[in-house]
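Tertiary structure, described
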Amino acid sequence: MKKIIIAPSILSANFAALERDVNIVEKAGAKWIHIDVIDGHFAPNITMGPAIVKALRKTTKLFFDIHLMITSPEKYWQDFQKAGANLITFHSEVQVDKRKLIENIKTSGIKAGISIKPKTPVSDIEDLLSCLDLVLVMTVEPGFSGQFFMNDMIPKIETLRKNIDQNNYNCLIEIDGGINSQTSSICIQAGADALVSGSYIFSAENPAEAIKSLSL
């Protein structure tokens, strides 16, 4: 049975105590930390920039999973790479040469991913799967934590799993939005490799038990 990657999202952490909250989930068993970067244009809400990522990098060795929900990732990805990112994911919906951006990110020595919003079909990124390290399927509309999981996104996960397996691509499937102990099992059954969870973990009395429950 494959090991599921759990990536706690600090969008649900206490921004006045990020170091503390990151250390809590690290001690609880998390190997990745998911960092949502939102610019207020691509999606509502404004979150954090490379300065915060750089500061957090000094406090932990966790894998930094950077999710760029911004309109111009080609202008800013290098700032996050220099700040300590291990993986940078940008959105399929932005107007950019996606293949070139993927190549540039990977050439810098880190991993590259692409994300699709709920209304974006898998067909929009199928021709990129061979060069991607990760595909992030949004199961809520991007912008804010605490939203409810959209069950009609499950066929996307299943389609991606079939495509990746049939072609033997080295590409993970990550799910972000409304992940808890119930929805996680649905995603894993559909073929997910990694799960992003924010409020379910950071609001839990026992983060270690919450993290464990997501991969059962």
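In case you missed it, the structure is sitting above this.
Presented here is a report on the structure given in the accompanying data block. (Residues numbered from 1 in each chain as written. Predicted model: local features only at pLDDT ≥ 70, side-chain atom pairs only at ≥ 80, totals over all residues. Heavy atoms only, no water.)

**Section: the packing of helix α2 (residues 50-57) against helix α3 (residues 73-83)**
To characterise two packed helices, one gives the angle between the axes of the helices and the distance between these axes. This is how the line gets drawn: In this description, a line fitted to the C-alpha atoms serves as the axis of each element, helices being fitted only across the stretch in contact, and the angle between N-to-C directions of two axes falls anywhere from 0 to 180 degrees. Only runs of H or I of at least four residues qualify as helices and only runs of E of at least two qualify as strands under DSSP, and these elements are numbered from the N terminus. Just so you know how the angles are binned, under 35 degrees is roughly parallel, over 145 roughly antiparallel, 65 to 115 roughly perpendicular, and the rest oblique. With the far helix as reference, a near helix turned anticlockwise by less than a right angle produces a left-handed crossing, and one turned clockwise produces a right-handed crossing. By the convention used here, residues are in contact when the closest approach between their heavy atoms is within 4.5 Å. Lys, Arg, Asp and Glu make up the charged group, whereas Ala, Val, Leu, Ile, Met, Phe, Trp, Tyr, Cys and Pro make up the nonpolar group; the residues left over, Gly among them, are polar.
Where α2 meets α3, the closest approach of the two axes is 8 Å, and the angle between their N-to-C directions is 15 degrees. When the interaxial angle is binned, α2 and α3 end up roughly parallel. α3 is crossed by α2, and the crossing has right-handed handedness. Where α2 abuts α3, its residues P50, V53, K54 and R57 lie against D79, F80 and A83. Partitioned by chemical class, the residues of the contact of α2 with α3 number four nonpolar, no polar and three charged.

**Some words on the environment of D127**
Filter applied, for reference: Categorising residues by exposure relies on relative accessible area from a 1.4 Å probe, with only protein chains included: less than 20% of the type maximum marks a residue as buried, more than 50% marks it as exposed, and the intermediate range marks it as partly exposed.
Considering the arrangement of structural elements, one finds D127 in the loop between β5 (111-116) and β6 (134-138). With relative accessibility at 51%, the residue D127 sits in the exposed group. Spatially, the C-alpha atoms of D127 and L172 are 15 Å apart, while their sequence positions differ by 45 residues.

**A word on unusual backbone geometry**
Of note in the backbone geometry, N168 takes a positive phi value of approximately 55 degrees without being a glycine. Among the structural elements, N168 can be located in the loop between α5 (154-167) and β7 (172-176). For N168, a relative accessible area of 70% translates into the label exposed.

**What about the pattern of salt bridges?**
Rule in force here: Salt bridges, as used here, are contacts in which a Lys or Arg side-chain nitrogen is within 4 Å of a carboxyl oxygen on Asp or Glu.
Inspection of the entire model under this criterion finds five salt bridges. In this structure, the salt-bridge partner of K2 is D193, at a minimum N-O distance of 2.8 Å. Of this pair, K2 sits in the segment before β1 (5-8) while D193 sits in the loop between α6 (181-190) and β8 (194-197); the two residues are 191 residues apart in sequence, bridging distant segments of the chain. The network of salt bridges with shared partners includes K2, R161, D165 and D193.

**Some words on the sheet that holds strand β2 (residues 32-38)**
Formally: When DSSP locates at least two bridges between a pair of strands, those strands are taken to pair.
With parallel pairing, the eight strands of this open sheet are ordered in space as β1-β8-β7-β6-β5-β4-β3-β2. Strands at the two margins of the open sheet, each flanked by one partner only, are β1 and β2. Strand-to-strand twist of the sheet, defined as the mean angle between neighbouring strand axes without regard to direction, takes the value 25 degrees. The sheet contact formed by strand β4 (residues 87-91) and β5 spans five bridges and is parallel. Note that in β5 the partner of T89 across the bridge is G113.

**Some details on the nonpolar core**
Put simply, the rule reads: Among buried residues, those of type Ala, Val, Leu, Ile, Met, Phe, Trp, Tyr and Cys that are joined through side-chain atoms within 4.5 Å constitute a nonpolar core.
Core analysis: the biggest nonpolar cluster contains 65 residues, and I10 and I66 have the highest contact counts within it. Formed by nine residues, the second largest nonpolar core is a distinct cluster that contains A7, W32, M138 and V140.

**Comments concerning α3**
Filter applied, for reference: Directions pointing from the helix axis toward each C-beta atom define the arc.
Three or more residues of α3 are buried, namely P73, W77, F80 and A83. Along the axis of α3, the buried positions cluster into a sector of 120 degrees, meaning they face one direction only. Facing away from the buried side of α3 by over 90 degrees, the exposed positions are K75 and K82. Where the residues of α3 are buried, they touch β2, α2, β3 (63-69), β4 and α4 (98-107). G84 occupies a position one or two residues after α3 and carries a positive phi of about 125 degrees.

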